[in-house]
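One-letter residues, chain by chain:
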2 protein chains.
Amino acid sequence: MAKKQSKKKCDNSPVKLKADPMAEELAKLAWAIAHPARVQIVRLLIGRDACMCGEIVDCLPLAQSTVSQHLKILKESGLIQGEVDGPKVCYCVNPERLEQLKQWVAAL
Amino acid sequence: MAKKQSKKKCDNSPVKLKADPMAEELAKLAWAIAHPARVQIVRLLIGRDACMCGEIVDCLPLAQSTVSQHLKILKESGLIQGEVDGPKVCYCVNPERLEQLKQWVAAL
DNA sequence: AGATTCAATCGTTGATCGCCGATAAACGTT
DNA sequence: AACGTTTATCGGCGATCAACGATTGAATCT
């Protein structure tokens, strides 16, 4: 039987969805804020423009090493950046990257 | 010296940042799209309004069971919903939830 | 130099993810 | 009732996450 045409792919493209670089980038950014602690860190930094690492630790019910891990993840995503200020480290958001996240989500 | 008052907590609240329900909710939504495959699924559903599960499977280079897992995660986040249509299941985005994600991210 | 402070890193542990094949469950069809 | 189709779930595997304490590294202050 002619039967199952239901085997048609989406869109009529014969191949799989190509590895979408934008999907990967968005996923990476979303992953950065896919944890309550990281959301709070980002919002804290946005609200204060800049913040010492120690203050962030004091604001969260987590160990210093754990917070440092989250900061590292956020830094790797590009959402935040930290510059050394003497013995301390001052963190702040990367506005462009944050804007990129906002636009990509808005464009969904 | 009067010394550095830098020992001050954030905001001047003596306690830790309270468990922020909004942060958890946003993290949950972000987590839903924190994987390239799930981003592609969401975009696919947005672009087509609705899509059978089988079609989604055909669009991704993943096993059927894996796609089903991703769909389950997306469903649990509320971003998509699926209604049974005979032996098949028709998935579609939940516009309100998607809008919520957009607004929360935009409000960052 | 020595002591102190601050932050990053290391090493460990338990939980979860992401993937798969295989199996089960739901439904329509013959 | 038996079959085929479609989707969800189960079990297993390796990899990664999230958390912590302890240690190290860098910079400042006595």
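Predicted model only: the values in this text are computed from it and were never measured. (Residues numbered from 1 in each chain as written. Chains lettered and ligands numbered in written order. Predicted model: local features only at pLDDT ≥ 70, side-chain atom pairs only at ≥ 80, totals over all residues. Heavy atoms only, no water.)

### Re the packing of helix H2 (residues 36-48) of chain A against helix H4 (residues 64-77) of chain A
Residue and element names in this part refer to chain A.
Here is step 1 of the chain: Closest axis-to-axis distance for the H2/H4 pair is 10 Å, and the angle between their directions is 70°. As judged from the angle between their axes, H2 and H4 are roughly perpendicular. Together, Ala37, Arg38, Ile41 and Val42 of H2 and His70, Leu71, Ile73 and Leu74 of H4 make up the contact between the two elements.
Here is step 2 of the chain: For the contact of H2 with H4, the residue count by class is 6 nonpolar, 1 polar and 1 charged. (Axes fitted to C-alpha atoms, helices over the stretch in contact; angles between N-to-C directions. Helix = DSSP H or I, 4+ residues; strand = E, 2+ residues; numbered from the N terminus. Parallel < 35°, antiparallel > 145°, perpendicular 65-115°, else oblique. Contact = heavy atoms within 4.5 Å. Nonpolar A, V, L, I, M, F, W, Y, C, P; charged D, E, K, R; others polar.)

### What to know about the packing of helix H5 (residues 95-106) of chain A against helix H5 (residues 95-106) of chain B
Here is step 1 of the chain: Contact geometry of H5 of chain A with H5 of chain B gives a least axis separation of 9 Å together with a crossing angle of 165°. Taken together, H5 of chain A and H5 of chain B sit at an angle that is classed as roughly antiparallel. For H5 of chain A against H5 of chain B, the interelement crossing comes out left-handed. The residues of H5 of chain B that touch H5 of chain A, namely those facing Leu101, Lys102, Val105 and Ala106 of chain A, are Leu101, Lys102, Val105 and Ala106 of chain B.
Here is step 2 of the chain: When grouped by side-chain class, the residues that make up the contact of H5 of chain A with H5 of chain B number 6 nonpolar, no polar and 2 charged. (Left-handed = near helix turned anticlockwise from the far one by under 90°.)

### Things to note about the sheet that holds strand E2 (residues 80-85) of chain A
Residue and element names in this part refer to chain A.
Here is step 1 of the chain: Ordered in space as E1-E3-E2, the 3 strands form an open sheet in which the pairing is antiparallel. The sheet is open, and its two edges are formed by strand E1 (51-52) and E2, each paired on a single side.
Here is step 2 of the chain: The pairing of E2 with strand E3 (residues 88-93) spans 6 bridges and is antiparallel. Counted as the bridge partner of glutamate 83 is cysteine 90 from E3.
Here is step 3 of the chain: On top of the sheet, H4 reaches E2 and E3; it is set at about 115° to E2, its chief contact. (Pairing = 2+ DSSP bridges.)

### So, the sheet that holds strand E2 (residues 80-85) of chain B
Residues and elements named next belong to chain B.
Here is step 1 of the chain: Reading across from one edge, E1-E3-E2 is the order of the 3 strands in this open sheet, with antiparallel pairing throughout. The sheet is open, and its two borders are formed by strand E1 (51-52) and E2, each paired with just one other strand.
Here is step 2 of the chain: In the sheet, E1 pairs with strand E3 (residues 88-93) via 2 bridges, with the strands oriented antiparallel. From the neighbouring strand, methionine 52 faces E3, where its bridge partner is cysteine 90.

### Concerning the protein's contact with DNA strand C
Here is step 1 of the chain: In the neighbourhood of DNA strand C, 21 residues make up the surrounding shell, with Gly54, Gln64 and Tyr91 of chain A together with Ala63 and His70 of chain B lying closest.
Here is step 2 of the chain: The separation between a phosphate oxygen of DNA strand C and a polar side-chain atom of tyrosine 91 of chain A is 2.2 Å.
Here is step 3 of the chain: Elements with a minimum of two residues in the surface near DNA strand C: helix H3 (53-59), H4 and E3 of chain A together with helix H4 (64-77) of chain B.
Here is step 4 of the chain: Across the surface near DNA strand C, the residue classes break down as 8 nonpolar, 9 polar and 4 charged. (Near = heavy atom within 4 Å. Polar contact = N/O pair within 3.5 Å; in protein donor to acceptor, adjacent residues only side chain to side chain.)

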